[in-house]
Each structure stands twice: as C-alpha cells, then as structure tokens.
Amino acid sequence: MPKDSSPRRLLALATDNWPARGYLTLFTASVGAAFAAPDSILASAHLLLTAPLSTMAIALPVGPGIEGGGAAQVVAVAFSAVWLLLCALVNAAALGALTHHVRDSRAARHA
C-alpha cells in the first residue's frame, strides 16, 4: 500500500483540525444521546449530522428495522453502524478539506 493512501488521507483530513474534530465530537455525543434517550427528539440527530450520505442507505434492504432473526439482524445493525461511521468520517473530512482551503486562500491573499 502506498504511503499516502486514500483511507489515510481521509482520516487525516477528518482529524487534523478543530472544526472536523468538533464535528466528530458532536456526532459521538449524538450517538450517545440516542442510546441514553431513544425516545427523545435527539435520538435521530446522528442521522441528520451524517446527511446526505446516510440517506443513501435507505435504498438498501438492510437496516436496524429489518425483519428476521438473529444473524440477519446482527448483520443489518453492524452494516448500519459501519455506514454511519463512514458517513461521519467523510463529512468530517469534507469539513477538514474546506477548513484547509479557507486557511490556504487566506494565507495566499495576505502573502
């Protein structure tokens, strides 16, 4: 694998500045709120924070509400959790890239 691979760059953009880390912290807190108070209005905040990518999973026939037993439900819940985490990382990386772009354009303007 090359030294500067895509997953490594994605993770670096998602964690190397304050706005991206703040987004990930907010996402983590919203997931915690969903577990702590599943009937509250905050229970679906993590879905809104990961939009628009998280909405693409609606088209797939798997998810936490799937009918079936044991193994099918475990696979569906695991897929949903991994998908939400990936969506959060992509959104954090986009925020990090935007932050870098704004910082670089300001530096170029003042140079």
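As a reminder, the structure under discussion sits directly above these lines.
Notes on the structure follow. Predicted, not measured: the structure shown is a model, and the values here were computed from it. (Residues numbered from 1 in each chain as written. Predicted model: local features only at pLDDT ≥ 70, side-chain atom pairs only at ≥ 80, totals over all residues. Heavy atoms only, no water.)

## Some words on the overall build of the protein
1) Next: Each helix and strand counted, the protein has four helices and zero strands in total.
2) Next: When its helices and strands are written in sequence order, the protein yields α-α-α-α.
3) Next: Sorting the 111 residues of the protein into buried and exposed places 24% on the buried side.
4) Next: Counting every atom, the protein has about 7600 Å² of accessible surface; 72% of that belongs to carbon and sulfur. (Helix = DSSP H or I, 4+ residues; strand = E, 2+ residues; numbered from the N terminus. Buried < 20%, exposed > 50% of the residue type's maximum accessible area, 1.4 Å probe, protein only. Areas by Shrake-Rupley, 256 points an atom, 1.4 Å probe, with all protein chains shown as cover.)

## Observations concerning the layout of surface pockets
1) Next: When its volume is computed, the second largest pocket comes out at roughly 240 Å³.
2) Next: Residue lining of the second largest pocket: F27, V31, A34, F35, H46, A81, L84 and L85, and that is the complete set.
3) Next: Where the lining of the second largest pocket is concerned, the elements lending two or more residues are α2 (18–36) and α4 (70–110).
4) Next: Per-element tally for the lining of the second largest pocket: the top contributor is α2, with four residues.
5) Next: For the lining of the second largest pocket, the class distribution of residues is seven nonpolar, one polar and no charged. (1 Å grid on protein atoms, 1.4 Å probe; cavity = no way out; pocket = protein on both sides within 12 Å on 5 of 7 lines; lining within 4 Å. Points joined across faces, edges and corners; volume = space filled by probe spheres on them. Nonpolar A, V, L, I, M, F, W, Y, C, P; charged D, E, K, R; others polar.)

## Focus on the environment of L24
1) Next: Relative to the helices and strands, L24 resides in helix α2.
2) Next: Classification of L24 as buried rests on a relative accessible area of 17%.
3) Next: Between the C-alpha atom of L24 and that of L89, which follows or precedes it by 65 residues, the distance is 7.7 Å.
4) Next: L24 has contacts with A14, T15, A88, L89 and A92, leaving out every residue within four places of it along the chain. (Contact = heavy atoms within 4.5 Å.)

## Details of the side chain of T99
1) Next: As for its position among the elements, T99 is in helix α4.
2) Next: If near-sequence neighbours (up to four positions away) are discounted, T99 is found in contact with N17 and P19.

## Overview of the nonpolar core
Across soluble globular proteins, nonpolar side chains show a tendency to be buried alongside one another.
1) Next: Counting residues in each nonpolar core, the largest one holds nine residues, listed as A14, A20, Y23, L24, F27, L84, A88, A92 and A93.
2) Next: Residue assignment for this core shows that the elements contributing at least two residues are α2 and α4.
3) Next: Sequence-distant contacts of A93, that is, excluding residues within four places in its chain, are made with L10, L13 and A14. (Core = buried A, V, L, I, M, F, W, Y, C linked by side-chain atoms within 4.5 Å.)

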